[in-house]
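Coordinates in review
As a plain string of letters, each chain reads:
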Number of protein chains: 2
Amino acid sequence: MRDLIEYRAEILKALGQPTRLKIIDFLRDGERCVCEIYPAIAEEQSNTSRHLNMMLSAGVLSRRKDGLKIYYAIKHPEILEVMDIVTRIVKRDITGRHRLLKAA
Amino acid sequence: MRDLIEYRAEILKALGQPTRLKIIDFLRDGERCVCEIYPAIAEEQSNTSRHLNMMLSAGVLSRRKDGLKIYYAIKHPEILEVMDIVTRIVKRDITGRHRLLKAA
DNA sequence: CAGCTAAATGACTATATAGTCATATACTCT
DNA sequence: AGAGTATATGACTATATAGTCATTTAGCTG
């Protein structure tokens, strides 16, 4: 049970960062190579590579080589379920939240 | 959409840390006061308090005062859905993973 | 009010993280 | 082999994080 907690935390932490979230969003409809990902999310190639590797070793992404290119994909469909649930929470919760009061 | 990403990341980050995960697990069957939480997870009162406050402002927990005691609870039932999904991923993925090879 | 209990916070330390720039590695094609 | 493209990594900086210990704040009760 101890190890399960660490592993769960690792997955959730991998998802809990804006740049990585952008990557997850971009990978939603299938695998993409790094050369497609970093321009899409407007981050440096090296930074993107680090985040991809981080999510790979957290068990969030999978990797496939094809010649020069390396394709990353979301490893478990449930990851997208998680994202959908969190999005739902945010959208429902966002009304009346201090966070949005600055937009007023 | 920009703000949504930040907010989603904040929630997921709040869940992605072992000590906070222990708290979430402990709060699974209902609200508890700080004085129950920190002995249950075997962490210092001050450290526990910080994590609780962090999850509160991330929108993961809610807080209720009752006299001297302050009761925290999981704010959205969906948080538990997220935890269940992640647990399922971990349990399925854990076989044949380097992480578990050290136990061999 | 005095003393008690519960929770939060200040000050600090050690470590982790995100990001950048430059470079190295790996593969392809001529 | 050499040029070119795709990805990863070393070295570094700045900031964030988790944790500890000591103290403060808040509310209760005698």
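First things first, this report covers the structure right here in the doc. Model, not experiment: these values are computed from the prediction.

Overview of unusual backbone geometry
All names here are of chain A.
- Although it is not a glycine, Ala 42 adopts a positive phi angle of roughly 60°.
- Here Ala 42 is to be found in the loop between helix 3 (34-41) and helix 4 (45-57).
- Residue classification places Ala 42 among the exposed positions, given a relative accessible area of 65%.

Description of the interface of chain A and chain B
- On the chain B side, the residues contacting the 41 residues of chain A number 40 residues.
- Of the roughly 4,000 Å² buried between chain A and chain B on both sides combined, carbon and sulfur atoms contribute 65%.
- Of all residues in chain A, the largest losses of buried area upon contact with chain B belong to A:Tyr7, A:Arg8 and A:Leu12, amounting jointly to 17% of the total for that side.
- Where chain A packs against chain B, one counts 7 salt bridges.
- Between B:Asp25 and A:Arg8 there is a salt bridge, with its nearest N and O atoms 2.6 Å apart.
- When residues in the side of chain A that touches chain B are grouped by element, the largest group, 14 residues, is from helix 5 (residues 77-93) of chain A.
- For the side of chain A that touches chain B, the class distribution of residues is 18 nonpolar, 7 polar and 16 charged.

Digging into the protein's contact with DNA strand D
- Among the 24 residues in the neighbourhood of DNA strand D, the closest are listed as A:Cys35, A:Arg50, A:Arg63, B:Lys13 and B:His51.
- Counted by atom, the contact set of DNA strand D within 4 Å of the protein is 56% sugar and phosphate.
- B:Arg20 places a side-chain nitrogen or oxygen 2.7 Å from a phosphate oxygen of DNA strand D.
- Here B:Glu44 contributes a side-chain N or O atom positioned 2.8 Å from a phosphate oxygen of DNA strand D.
- Of all the secondary structure elements, the ones that give two or more residues to the surface near DNA strand D are helix 3, helix 4 and strand 3 (69-74) of chain A together with helix 2 (18-26) and helix 4 (45-57) of chain B.
- Residue composition of the surface near DNA strand D, by class: 7 nonpolar, 9 polar and 8 charged.

Some thoughts on the relation of the copies chain A and chain B
- When chain A is fitted to chain B, the residual RMSD is 0.0 Å, and the transformation amounts to a turn of 180° plus an axial shift of 0.0 Å. Both copies of the chain, as the preceding transformation shows, are related through a two-fold rotation axis.

What to know about the protein's contact with DNA strand C
- By nearness alone, 24 residues border DNA strand C, and A:Lys13, A:His51, B:Cys35, B:Arg50 and B:Arg63 come closest of all.
- At a separation of 3.2 Å, a base nitrogen of DNA strand C approaches a polar side-chain atom of A:Ser46.
- Elements that contribute at least two residues to the surface near DNA strand C include exactly helix 2 (18-26) and helix 4 of chain A together with helix 3 (34-41), helix 4 and strand 3 (69-74) of chain B.
- A breakdown of the residues in the surface near DNA strand C according to their chemical character gives 7 nonpolar, 9 polar and 8 charged.

What counts, and at which threshold
- Residues numbered from 1 in each chain as written.
- Chains lettered and ligands numbered in written order.
- Predicted model: local features only at pLDDT ≥ 70, side-chain atom pairs only at ≥ 80, totals over all residues.
- Heavy atoms only, no water.
- Helix = DSSP H or I, 4+ residues; strand = E, 2+ residues; numbered from the N terminus.
- Buried < 20%, exposed > 50% of the residue type's maximum accessible area, 1.4 Å probe, protein only.
- Contact = heavy atoms within 4.5 Å.
- Buried area = accessible area lost by both parts, 1.4 Å probe.
- Salt bridge = Lys/Arg side-chain N within 4 Å of Asp/Glu carboxyl O.
- Nonpolar A, V, L, I, M, F, W, Y, C, P; charged D, E, K, R; others polar.
- Near = heavy atom within 4 Å.
- Polar contact = N/O pair within 3.5 Å; in protein donor to acceptor, adjacent residues only side chain to side chain.
- Least-squares fit on C-alpha atoms with pLDDT ≥ 70 in both.

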